[in-house]
Amino acid sequence: MKNYGIVLAAGKGKRMGSKISKQFLDLNGKPLFFYALEAFENSDVDSVIVVCSAEYKDYCENVLSIYKEEKTFSKVEKIVVGGAERYNSVYNALKEISDADYVLIHDGARPMITKDIINRSLSEVKKHKACVVAVPVKDTIKEADSEDYINKTLDRSSLWQMQTPQSFEYKLIAQAYENAMKSDLSAITDDAMVLEEYDPSFKIKLVMGDYKNLKVTTSEDLEIAKVFLKS
Ligand code: CTP
Ligand code: MG
């Protein structure tokens, strides 16, 4: 049995608007994506693939080779160049793997991920073949029309907010992505959706995440992450 963590760090961070892509910004003394790498290092995952853009490949190779030697990130096996969209980056990573039983796909922009959530994902994916970390929605969610008038209120008791890792049997998600790459992917926002499209009858298990496992998207998220990580 071999399982991989895929840590996605190939985004541009347009909504953050910083000069350096958000995943490489300093967060309490370390590059933001290091926190996810640390959680994977301390987890039961065997190997880690880091996905970054061509622009940051040298930087990632340099910094990660130092930390690999120091055994800080001993599990990092490969650095793969990502693509224009998140799904291109995931697809590029999946293509680089041949010997995996399970893959745990994680946003490098979620620094508050813990080894416990990763280990829980790993044990659930072995039971269900597909599982995603998520939390129940706390706010009331409404559907709006194109002119911003309320259409209806959705039933909150059945709504969950997706996080990562999203974990899958490797063969299953590789096939689903292979299939998805042939069609229009513009609506795809997470990995579970790729499998939902491929096999609508497939039952994807939800794994309880943590409200702290937020994705750093805008500058206020960075401030929140600083506070969370200090406590
Ligand atoms: N990601 C990636 N490759 C892309 C786009 C995103 O690896 N082409 C990664 C990001 O680095 C991040 C995660 O996917 O860790 C979630 O994406 P998001 O928060 O949307 O990050 P960005 O795309 O970088 O941000 P923005 O959408 O604001 O540009
Ligand atoms: Mg994005």
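Residues numbered from 1 in each chain as written. Chains lettered and ligands numbered in written order. Predicted model: local features only at pLDDT ≥ 70, side-chain atom pairs only at ≥ 80, totals over all residues. Heavy atoms only, no water.

Visitor: Hey, could you go over the pattern of salt bridges for me, with residue numbers and the actual values?
Guide: One pass over the structure, following the stated rule, counts eleven salt bridges. Of the charged contacts, one joins Lys2 and Glu77 as a salt bridge, the two residues approaching to 3.1 Å between their closest N and O atoms. Note that Lys2 is positioned in the segment before strand E1 (3-9) and Glu77 in strand E5 (residues 76-81), a separation of 75 residues in sequence. Owing to a relative accessible area of 22%, Lys2 belongs among the partly exposed residues under this scheme. A residue is classified by how much of its surface remains accessible, and Glu77, at 40% relative accessible area, is partly exposed. Two residues, Arg86 and Asp191, come together in a salt bridge whose shortest N-O distance is 3.0 Å. Here Asp191 lies in helix H6 (residues 191-198) and Arg86 lies in helix H3 (residues 86-95), a separation of 105 residues in the sequence. Overall, the relative accessible area of 0% leaves Asp191 in the buried class. (Salt bridge = Lys/Arg side-chain N within 4 Å of Asp/Glu carboxyl O. Helix = DSSP H or I, 4+ residues; strand = E, 2+ residues; numbered from the N terminus. Buried < 20%, exposed > 50% of the residue type's maximum accessible area, 1.4 Å probe, protein only.)

Visitor: Requested: an account of the site of ligand 1, with residues and values cited.
Guide: Surveying the vicinity of ligand 1 reveals 19 residues, the closest of which are Gly13, Lys14, Lys22, Ser89 and Lys215. Measuring from an oxygen atom of ligand 1, one finds a backbone N or O atom of Lys12 at 3.1 Å. Considering ligand 1 on its own, with 560 Å² of exposed area, one finds that the protein chains cover 89% of that surface. Of all elements in the fold, only E1 and H3 reach the threshold of two or more residues within the shell around ligand 1. (Near = heavy atom within 4 Å. Polar contact = N/O pair within 3.5 Å; in protein donor to acceptor, adjacent residues only side chain to side chain. Areas by Shrake-Rupley, 256 points an atom, 1.4 Å probe, with all protein chains shown as cover.)

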